[in-house]
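What follows is the residue order along each chain.
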Amino acid sequence: MKRRVVLSVLIFSPPALFSSAAQAQSYPTKPIRLIVGYAPGAQSDAIARLVAQTLSEILRISVIVENRPGANGTIGVDVTARAPADGYSLGFAGGGSLTLAPVIDSSVRFDAQRDLVALARMARVPLVLAARSGLPVRTARELIDLARKNPGQLTYASGGASAQMAIESLKAAEGLDIVLVPYKGTAPALLDVVAGRVDLVLADVAAAAPQVRAGSIHLVGNAGATRSRVFPEVPTMVEQGVPDFVWESWQGIVAPLGMPGEIVARLRDALGQARASAEFREGLERLGFEPIDEGPEAFAAVIRKETERFRSLVRRNAARTN
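Remember, it's a predicted structure, so these values are computed and weren't measured experimentally.

A.B. asks: Just to check I follow, could you spell out the overall build of the protein chain for this structure?
C.D. replies: On a plain count of helices and strands, the protein chain comes out with 13 helices and 10 strands. The principal-axis extent of the C-alpha atoms belonging to the protein chain is close to 90 × 45 × 30 Å. Within the span of the protein chain, comprising 322 residues, buried residues form 50% of the whole. For the protein chain, the exposed surface amounts to about 15,200 Å²; the carbon and sulfur share of it is 54%. Side-chain charges in the protein chain split into 36 positive and 31 negative, and the spacing between the mean points of these groups amounts to 5 Å.

Here it is as structure tokens:
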């Protein structure tokens, strides 16, 4: 009787169940594409290629970077969300494209919590508030006092939505009138602050570091949760009495929703090995970034928390302007 029951289960069980298990067990058997929402040569692209190289060595299979730049990284995320959930299409994305863009841009079609699997946060770098060399402020409080005394006279360059959201939240919290000058990216924004055409910029410390060392700009504060390894002498904004002003740039690996659990586990372990790799960590440090040791659960929690933070800021700003 027991034998007949076992045979009937084997006969009537869906073939897909066995093919899925077999696929997960042998994964990967062909090259994996890492979809990157940034142009070749960009800083984030360099980190993505470092991830791809390290993951290739661990999985012993080619991980090929596929650049899909545009719309602040959201095009690459959208391509990832709509790819087959078979483990052969992964996405490399930043916090702005995963958590901020869906909140402020109605044209964004994906929802990171609904359409994607969070696999790992890989790297982060604090944002720093920098001023043109001739601006007579050296601390966050000196900047706030100068802005209060001169409403509408100071300007800030914004190379992206995250930086703009951060400065606008500072303006709202402190009652400041600082004029926005928008740019298509951090690099041109920094260049105009160096040239003295704009007063301030919020940029990641890796991008700002060469100009700071050259004396072309100076740092007013570090917006990271802790002091930067690059400029440990610069206090955080929170240390300077600007509460809740914590802003970082980070990148992580996501995948289409619906991947088999066995493949998610395989990638989780491989990405964990990548983050622990000395070569990977040294490569990140050369780029001015720090590794983050966060797997799927912790990464998913960050996406939830930051998305809600941005929703709250948008609602608050809308209420102030109505």
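Anyway, onward from the coordinates.
A.B. asks: Would you mind going over the nonpolar core with me for this structure?
C.D. replies: Nonpolar side chains tend to gather and get buried jointly when the protein is soluble and globular. Counting residues in each nonpolar core, the largest one holds 55 residues, and the members touching the most others are Leu-34, Leu-90, Phe-92, Leu-119 and Ile-253. At 8 residues, strand E4 (residues 116-132) tops the list of elements feeding residues into this core. Ignoring sequence-local partners within four residues, the contact set of Leu-34 consists of Ala-48, Val-51, Ala-52, Val-63, Ile-64, Val-65, Glu-66, Leu-90, Gly-91, Phe-92 and Ile-253.

A.B. asks: Explain helix H9 (residues 186-194) to me, please; I cannot follow it from the model alone.
C.D. replies: Quick reminder: α-helices carry 3.6 residues per turn. Residues three or four places apart thus point the same way. Among the residues making up H9, those that are buried are Ala-189, Leu-190, Asp-192 and Val-193. For H9, the angular spread of buried residues about the axis comes to 165°, placing them on one side. Among the exposed residues of H9, those oriented more than 90 degrees off its buried face are Ala-187 and Leu-191. Just past H9, the residue Gly-196 takes up positive phi, approximately 85°.

A.B. asks: Just to check I follow, could you spell out the packing of aromatic side chains for this structure?
C.D. replies: The relation between two aromatic rings is expressed through the spacing of the ring centres and the mutual angle of the planes. Taken as a whole, this structure holds 4 aromatic pairs when the rule is applied. A connected cluster of aromatic rings, assembled from ring pairs, spans Phe-245, Trp-247 and Phe-310. One cation-aromatic arrangement involves Lys-30 over Tyr-88; the distance from NZ or CZ to the ring centre is 4.8 Å.

A.B. asks: I'm lost on the pattern of salt bridges in this one. Help?
C.D. replies: Pairing of side chains with opposite charge becomes possible as their charged atoms draw close. Here the structure, examined in full by the defined rule, presents 18 salt bridges. Here Arg-68 and Glu-66 are joined by a salt bridge, their closest N and O atoms 3.1 Å apart. By relative accessible area, which is 22% here, Glu-66 ends up partly exposed. Linking Arg-315 and Glu-308 is a salt bridge whose minimum nitrogen-to-oxygen distance equals 3.0 Å. Given a relative accessible area of 48%, Arg-315 falls into the partly exposed group. Using a relative accessible area of 38% as the deciding quantity, one classes Glu-308 as partly exposed. Members of the salt-bridge network, linked through shared partners, are Arg-33, Glu-66 and Arg-68.

Parameters and conventions
Residues numbered from 1 in each chain as written. Predicted model: local features only at pLDDT ≥ 70, side-chain atom pairs only at ≥ 80, totals over all residues. Heavy atoms only, no water. Helix = DSSP H or I, 4+ residues; strand = E, 2+ residues; numbered from the N terminus. Buried < 20%, exposed > 50% of the residue type's maximum accessible area, 1.4 Å probe, protein only. Areas by Shrake-Rupley, 256 points an atom, 1.4 Å probe, with all protein chains shown as cover. Lys, Arg positive; Asp, Glu negative; His and termini not counted. Charge placed at Lys NZ, Arg CZ, Asp CG, Glu CD. Core = buried A, V, L, I, M, F, W, Y, C linked by side-chain atoms within 4.5 Å. Contact = heavy atoms within 4.5 Å. Arc of directions from axis to C-beta. Phe/Tyr/Trp six-rings, centres within 6.5 Å; stacked < 30°, edge-to-face > 60°. Lys NZ or Arg CZ within 6 Å of the ring centre and 35° of its normal. Salt bridge = Lys/Arg side-chain N within 4 Å of Asp/Glu carboxyl O.

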